[in-house]
Amino acid sequence: MKYTIKTFVTGSGERFSQLYEANAPGFPLFYPSAFIVRSIRLTTTHETQKVYLAAIKRVCEWESSRGIELANNFHNRRFLSAGEIDDLTSHLRASKRGNKGNVISSAKYNTYLEYSAVYIHWLMLEVITDSNSRDVRDAIETQNLMLLSKKRRKTVSKSARKQRIIAMKLSAETSNQLLDLFVKPFERLRQLHNCGHRFRNIVMLRVLYETGMRFGELLSLKLKHIIESSGDDSAYLDIERNHHDEFDTRLHQPVAKTQGRRVPISARLEEQLIDYRDSWRADVKYVGFSDDDFIFIVHRGGRSQGQALPKTAFDTGLAKLKNLFKDLSPVHPHLLRHDWNYRFSKYADSEGLSFEEECPLREQLMGWVPGSSMSRRYNLRHIEEKSHEIGLQIASDTARILE
């Protein structure tokens with residue numbers, strides 16, 4: 001049997017998802033829906049709820065393919081055998097793409113396993129009437145431990161992953177190509193009717209490059225979030241926490257994961273944002289002009305014209321830019337966030353900022369809470385580069401002594 005996850009938007013703007021039998025009309029699956037509503041919904045974001053449902057969907061697929069009904073088995077005190085646990089975890093790890101035998105990453109598998117275990121543990125407590133008796137409680141906990149013991153050790157160590165993250169930045173060629181496009185946004189553009197969304201995409205890339213904001217934060221920017229320069233005050237963008245935004249009609253709402261904040265922008269980016277808002281955006285049919293309308297919108301004709309830009313539309317535009325400008329091949333929105341942090345570290349070094357001065361500034365601009373581990377991680381890259389320079393100078397003393 002096949003299953004599908006459907007997403008809905010309430011009148012208040014809240015997104016919620018449910019698990020259905022793919023080819024059967026009617027109600028969502030009872031136990032997965034009850035689990036999400038009663039145990040997960042109030043304490044997690046909608047994105048996390050969807051990951052829980054993706055894991056539960058795999059559990060349901062396994063039940064159907066093996067002719068097993070977990071709820072009925074647990075009600076009758078029939079727990080999973082060691083062989084069934086091995087079979088279930090193999091199903092959780094199997095990739096649905098590519099050839100048979102392909103598997104998903106260890107990190108993704110571990111998440112699916114953990115979330116499946118939480119659901120199965122909840123299901124047992126839900127259907128077993130005397131789950132508080134000692135023998136039943138011990139059996140439940142034993143099965144839970146057996147499931148969790150199937151976690152896979154990550155092939156890349158935590159330390160190596162940190163090193164890989166802090167090393168991410170734009171190459172000189174990619175950076176130069178981006179900077180050129182910021183100045184000449186219509187370069188190599190042959191079809192004039194594409195000017196609007198080309199200019200939109202370049203301005204969006206420039207916002208990411210200058211501010212280091214997350215992509216979800218970029219897509220969530222509204223007209224009221226552009227604060228123009230006044231007197232000696234430079235222009236800036238307001239970033240707000242926006243979960244369950246009633247004005248956002250996108251089914252899969254982009255959200256700000258970090259704290260709300262204000263981020264300054266250059267005078268030239270301010271000019272381009274205003275140009276986009278007052279010229280290119282204003283000419284699009286069905287576009288809104290209230291404070292709560294989104295800055296970046298769909299330009300092409302169709303039912304979504306004038307509405308908030310979905311992630312997939314920007315991905316398509318970026319792919320076209322990469323085809324035209326090969327140096328942009330490595331670019332993706334989060335890489336620009338990594339590169340911003342690299343440039344911030346270099347600037348902090350040139351200004352002689354201490355570690356204690358650098359951390360709170362970075363945390364404020366990135367939207368991280370004070371003492372964020374991410375802030376310390378990026379500072380580590382800065383320290384490593386500085387220590388390498390000093391170590392090289394000390395090593396060079398040997399040559400001078402020999403001379």
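Before any of the text, the structure's been laid out above.
Now for a quick tour of the structure. Within each chain, residues carry numbers counting from 1 in the order of the written sequence. In keeping with the model being predicted, local features are shown solely for residues with a pLDDT of at least 70 and side-chain atom pairs are shown and tallied solely at 80 or more, while totals for entire chains, interfaces and linings include all residues. The side-chain numbers reported here are obtained from all heavy atoms of the structure, hydrogens and water having been left aside.

## Things to note about the pattern of salt bridges
For step 1, the next point in the chain: Think of a salt bridge as a Lys or Arg side-chain nitrogen and an Asp or Glu carboxyl oxygen that are within 4 Å of each other. The full count for this structure, using the stated rule, is 22 salt bridges.
For step 2, the next point in the chain: Across the pair aspartate 292 and lysine 222 runs a salt bridge whose closest N-O atoms are separated by 3.5 Å. Residue aspartate 292 is located in the loop between helix 11 (267-280) and helix 12 (311-324), and its partner lysine 222 is located in the loop between helix 10 (215-219) and strand 3 (226-227); the two are separated by 70 residues in the primary sequence.
For step 3, the next point in the chain: For arginine 262, the salt bridge goes to aspartate 238, with nearest N and O atoms at 2.9 Å. A residue pair is termed long-range when its members are at least 10 positions apart, and arginine 262 in strand 5 (residues 261-264) and aspartate 238 in strand 4 (residues 236-239) qualify at 24 residues. Per the convention used, a helix needs a DSSP run of H or I reaching at least four residues, while a strand needs a run of E reaching at least two, with both numbered from the N terminus.

## Notes on helix 2 (residues 46-66)
For step 1, the next point in the chain: In this analysis, the expected span of each helix is defined as 1.5 Å times one less than the number of residues it contains. Its 21 residues give helix 2 an end-to-end C-alpha distance of 30 Å, which sits within 8% of 30 Å, the value for a rise of 1.5 Å per residue.
For step 2, the next point in the chain: Residue exposure (1.4 Å probe, protein chains only): buried if accessible area is under 20% of the type maximum, exposed if over 50%, otherwise partly exposed. Of all 21 residues in helix 2, 15 are buried; the element is thus mostly enclosed.
For step 3, the next point in the chain: Among the residues trailing helix 2, glycine 67 stands out with phi positive, at a value near 70°.

## Considerations on the nonpolar core
For step 1, the next point in the chain: Counting 42 residues, the largest nonpolar core has Leu178, Leu205, Met213, Leu218, Leu237, Leu273 and Phe296 as the members making the most contacts within it.
For step 2, the next point in the chain: Broken down by secondary-structure element, the contributors of at least two residues to this core are helix 8 (172-183), helix 9 (195-211), helix 10, strand 4, helix 11, helix 12 and helix 13 (333-350).
For step 3, the next point in the chain: No other element matches the eight residues that helix 9 contributes to this core.
For step 4, the next point in the chain: By definition, residues are in contact when any of their heavy atoms lie within 4.5 Å. Filtering out sequence-adjacent residues up to four positions away, leucine 273 remains in contact with Val203, Val207, Ile226, Leu237, Ile265 and Phe296. Residues enter a nonpolar core if they are buried and are Ala, Val, Leu, Ile, Met, Phe, Trp, Tyr or Cys, with the set joined through side-chain atoms within 4.5 Å.

## Observations regarding the packing of aromatic side chains
Two numbers describe a pair of aromatic rings. These are the distance of the centres and the angle of the planes.
For step 1, the next point in the chain: Here a pair means two rings of Phe, Tyr or Trp (six-membered ring of Trp) with centres within 6.5 Å. Their orientation is stacked below 30 degrees between planes, edge-to-face above 60, and tilted elsewhere. Applying the stated criterion across every chain, the model contains 16 aromatic pairs.
For step 2, the next point in the chain: Geometrically, the ring pair formed by phenylalanine 199 and tryptophan 280 is tilted, given 6.1 Å between the ring centres and 40° between the ring planes. Placement of phenylalanine 199 in helix 9 and of tryptophan 280 in helix 11 is noted, with a sequence separation of 81 residues between them.
For step 3, the next point in the chain: The exposure class assigned to phenylalanine 199 is buried, which follows from its relative accessible area of 4%.
For step 4, the next point in the chain: Overall, the relative accessible area of 28% leaves tryptophan 280 in the partly exposed class.
For step 5, the next point in the chain: When the NZ atom of lysine or the CZ atom of arginine is within 6 Å of a ring's centre and also within 35 degrees of its normal, the charge is said to sit over that ring. The ring of tyrosine 20 is capped by lysine 6, whose NZ or CZ atom sits 4.7 Å from the centre of that ring.
For step 6, the next point in the chain: Above the plane of the ring of phenylalanine 289 lies arginine 281, whose end atom (NZ or CZ) is 5.9 Å from the centre.

## Overview of unusual backbone geometry
For step 1, the next point in the chain: Look at arginine 77: it is not a glycine, yet its phi comes out positive at around 60°.
For step 2, the next point in the chain: Within the secondary structure, arginine 77 sits in the loop between helix 3 (70-75) and helix 4 (82-93).
For step 3, the next point in the chain: Phi is positive for tyrosine 286, which is not a glycine, with a value near 65°.
For step 4, the next point in the chain: Note that tyrosine 286 resides in the loop between helix 11 and helix 12.

## Things to note about the sheet that holds strand 5
For step 1, the next point in the chain: Strands pair, by our definition, only if DSSP identifies at least two bridges between them. Strand order across the open sheet formed by three strands is 3-4-5, with antiparallel pairing between neighbours. Strands with a single pairing partner mark the edges of an open sheet, and in this sheet they are strand 3 and strand 5.
For step 2, the next point in the chain: For strand 4 and strand 5, the ladder comprises four bridges, and the chain directions are antiparallel. Its bridge partner lying in strand 5, tyrosine 236 is registered against proline 264.

## Focus on helix 13
For step 1, the next point in the chain: Along its 18 residues, helix 13 runs 26 Å from first to last C-alpha, staying within 8% of the 26 Å computed at 1.5 Å per residue.
For step 2, the next point in the chain: Listed in full, the buried residues belonging to helix 13 are Pro333, Leu335, Leu336, Arg337, His338, Asp339, Trp340, Asn341, Tyr342, Phe344, Ser345 and Ala348.
For step 3, the next point in the chain: Just past helix 13, the residue glycine 352 takes up positive phi, approximately 70°.

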